[in-house]
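Results of the structural survey
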Amino acid sequence: MSPIEPGRPPLEVRFKRGRVVESQHRVHAVVTDACGGLAGSWGDAQWVTVLRSVAKPFQALPLVGDGAAQRFGLSDKEIALCCGSHNSEETHMEAARSILAKAGVPEELLVCGAHAPLLAARRDELSAAGTPWSPLMCNCSGKHAGMLALAAFHGWPLQGYERVDHPLQRRMGREVAKWTGVPRSEMVWETDGCGVPTFALPLASLAHGVARLAVAARSEGPPRDVVRAMTCHPFMVAGTGRLCTRLMEEEGSRVFAKVGAEGVYVAGDLKRGMGVALKVEDGAWRAAPPALMAVLGRAGILSSGARRALGDFSEPVLRNTLGEEVGRVSVEEARCS
């Protein structure tokens, strides 16, 4: 990969209506190797970023590494769900139920709360059937089921597993610190949208952690098992129509990817041992997929086949209510002010 000059201007995801830039979203992005060396950056590499759901692959590592996944006989599909932010499709809900059942944990102990499915078609289907939203439908139910399984394995209290002082969450914090190199005492701990703690740390540290995970996944052990679960079962990580799933389907076992709320994305290149992390400054969800595709392309990580297959994510077409094309989305470096 040809090095990208670090310290480039931020990227901007521009929504163009015809020839007019109607709106734009600024993006900070970092590409590092496993030693923490910058292979490229746009904007502020030290931008403090709340990890949200991109922490899930790291949070799934203790489930495997401590022996809970083996004890309870969790499948690769179920481990992949623990890493995912899913669409609440039937296979996702079945896997979350299965994790809890294997660990002997009642569904009622899930504290992730309930929300409508992320996939509009699934939301409409369940609404038409009169099915109420439940914690099992929460896009984070796989992570929570995995956390409860780990708590059950260790004999930790199941009640209150979401509290920052619970041994389960202390275990999560140690794992994130281990991979990112940011001590627990220096991470900012906040509450995620699903009720458990999340972490804030510099974007470059996040990319470094992802690169280290990509390198470690080449060998035996928990990193290989977790990343293999994601790349072998990408549907469990997101679902129908989602970039996380589509990207891993196209790239096979070479690339893993994970989205987080508020415009955060990470990706790991297992072949080159590189990590990518980005943050859409204003948190716009719609800007994150084109931004990730642009960074992967500029970093030489995206294969030509994936670039062609995922063109709808790179430069989405804007259409009006008649289905007519009225604009496009592009990603460019910010103009000098």
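Our structure is the block above this text.
For the structure given in this document, a descriptive report is provided here. (Residues numbered from 1 in each chain as written. Predicted model: local features only at pLDDT ≥ 70, side-chain atom pairs only at ≥ 80, totals over all residues. Heavy atoms only, no water.)

Quick word on the overall build of the protein chain
Helix and strand counts for the protein chain come out as 13 helices and 11 strands. For 337 residues, the compact-globule estimate of 2.2 N^0.38 gives 20 Å, and the protein chain sits close to it at 19 Å. Taken along the three principal axes of its C-alpha coordinates, the protein chain extends 60 × 50 × 35 Å. When each of the 337 residues of the protein chain is scored for burial, the buried share is 55%. Pairs at least 24 residues apart make up 66% of the contacts formed inside the protein chain by residues separated by at least 6 positions. Surface summary for the protein chain: the accessible area is close to 13500 Å², and the carbon and sulfur share equals 50%. The averaged location of the 36 negative side-chain charges in the protein chain is 3 Å from the averaged location of its 39 positive side-chain charges. (Helix = DSSP H or I, 4+ residues; strand = E, 2+ residues; numbered from the N terminus. Rg over C-alpha atoms; globule rule 2.2 N^0.38 Å. Buried < 20%, exposed > 50% of the residue type's maximum accessible area, 1.4 Å probe, protein only. Contact = heavy atoms within 4.5 Å. Areas by Shrake-Rupley, 256 points an atom, 1.4 Å probe, with all protein chains shown as cover. Lys, Arg positive; Asp, Glu negative; His and termini not counted. Charge placed at Lys NZ, Arg CZ, Asp CG, Glu CD.)

Overview of unusual backbone geometry
With the exception of glycine, the majority of residues adopt a negative phi angle, and the majority of peptide bonds are in the trans configuration. Although it is not a glycine, Arg52 adopts a positive phi angle of roughly 50°. Note on placement: Arg52 falls in the loop between strand 4 (48-50) and helix 1 (56-65). Positive phi values are uncommon outside glycine, yet Ser88 reaches one of about 65°. Structurally, the position occupied by Ser88 is in the loop between helix 3 (76-82) and helix 4 (90-103).

Some points on the packing of aromatic side chains
The description of two aromatic rings rests on the distance between their centres and on the angle between their planes. Considering all chains together, one arrives at one aromatic pair under this definition. On the numbers, 4.9 Å between centres and 85° between planes, the contact of Trp189 with Phe199 is edge-to-face. Of this pair, Trp189 sits in strand 5 (residues 188-191) while Phe199 sits in strand 6 (residues 197-202); the two residues are 10 residues apart in sequence, bridging distant segments of the chain. Over the ring of Phe15 we find Arg286, and its NZ or CZ is 3.7 Å from the ring centre. (Phe/Tyr/Trp six-rings, centres within 6.5 Å; stacked < 30°, edge-to-face > 60°. Lys NZ or Arg CZ within 6 Å of the ring centre and 35° of its normal.)

Some remarks on empty space enclosed by the protein
Inspection of the entire model under this criterion finds one cavity of 30 Å³ or more. For the largest cavity, the calculated volume is near 80 Å³. Of all the secondary-structure elements, those providing two or more residues to the lining of the largest cavity are helix 1 and helix 6 (141-154). Each residue belonging to the lining of the largest cavity can be placed in one class, and the counts come to six nonpolar, two polar and two charged. (1 Å grid on protein atoms, 1.4 Å probe; cavity = no way out; pocket = protein on both sides within 12 Å on 5 of 7 lines; lining within 4 Å. Points joined across faces, edges and corners; volume = space filled by probe spheres on them. Nonpolar A, V, L, I, M, F, W, Y, C, P; charged D, E, K, R; others polar.)

Regarding the sheet that holds strand 5
One open sheet holds the three strands; their spatial order is 4-6-5, and the pairing between them is antiparallel. The outermost strands of the open sheet, each flanked by one partner alone, are strand 4 and strand 5. If you compare each strand with its neighbour and ignore which way they point, the axes differ by 30° on average. In terms of strand pairing, strand 5 meets strand 6 through four bridges, oriented antiparallel. Pairing of Glu190 across the sheet is with Thr198, part of strand 6. Here helix 7 (residues 167-180) sits on the sheet in contact with strand 5 and strand 6, set at roughly 20° to strand 6. (Pairing = 2+ DSSP bridges. Axes fitted to C-alpha atoms, helices over the stretch in contact; angles between N-to-C directions.)

As for the environment of Gly43
Turning to its location among the elements, Gly43 is positioned in the loop between strand 3 (38-42) and strand 4. Along the primary structure Gly43 and Leu278 are separated by 235 residues, whereas in three dimensions their C-alpha atoms are 9.9 Å apart. The residues touching Gly43, leaving out its near neighbours within four places in the chain, are Arg8, Pro9, Pro10 and His28.

Topic: the nonpolar core
By size, the foremost hydrophobic cluster in this structure holds 111 residues, and its most contacted members are Leu206, Leu247, Phe256, Tyr265, Leu278 and Leu292. Discounting chain neighbours no more than four positions away, the residues touching Tyr265 are Val54, Leu243, Cys244, Ala257, Lys258, Val259, Val276, Ala277, Leu278, Ala288, Pro289 and Leu292. (Core = buried A, V, L, I, M, F, W, Y, C linked by side-chain atoms within 4.5 Å.)

Considering the packing of helix 1 against helix 8 (residues 203-216)
Packing of helix 1 against helix 8 brings their axes to within 11 Å, and their N-to-C directions diverge by 45°. If you check the angle between helix 1 and helix 8, you find them oblique. In this structure, helix 1 crosses over helix 8, and the sense of that crossing is left-handed. Of the residues in helix 8, those in contact with Pro57, Phe58 and Leu61 of helix 1 are Leu206, Gly209, Val210 and Leu213. Its residues assigned to classes, the contact of helix 1 with helix 8 shows six nonpolar, one polar and no charged. (Parallel < 35°, antiparallel > 145°, perpendicular 65-115°, else oblique. Left-handed = near helix turned anticlockwise from the far one by under 90°.)

Here's the deal with the pairing of strand 1 (residues 11-17)
Within strand 1, five of the seven residues are buried, leaving the element largely enclosed by the surrounding structure. Inspection of the sheet shows strand 1 paired to strand 2 (residues 20-33) by seven bridges, in the antiparallel sense. Across the sheet, residue Glu12 finds its bridge partner in strand 2, namely Arg26. Between strand 1 and strand 2, which pair antiparallel in sequence order, lie two residues; one of them, Gly18, sits at a positive phi of approximately 65°.

Quick word on a negative patch on the surface
A cluster of acidic residues, Asp44, Glu262, Glu281 and Asp282, forms a negative patch at the surface. Counting through the fold element by element, Glu281 comes out in the loop between strand 9 (274-280) and helix 11 (288-298). (Patch = residues over 30% accessible without salt bridge, like charges linked within 9 Å, V, L, I, M, F, W, Y side chains within 5 Å. Salt bridge = Lys/Arg side-chain N within 4 Å of Asp/Glu carboxyl O.)

Structural notes on helix 9 (residues 222-232)
The set of residues buried in helix 9 consists of Pro223, Asp225, Val226, Val227, Ala229, Met230 and Thr231. Contacts made by the buried residues of helix 9 are with helix 1, helix 3, helix 7, helix 8, helix 10 (243-251) and strand 7 (255-260).

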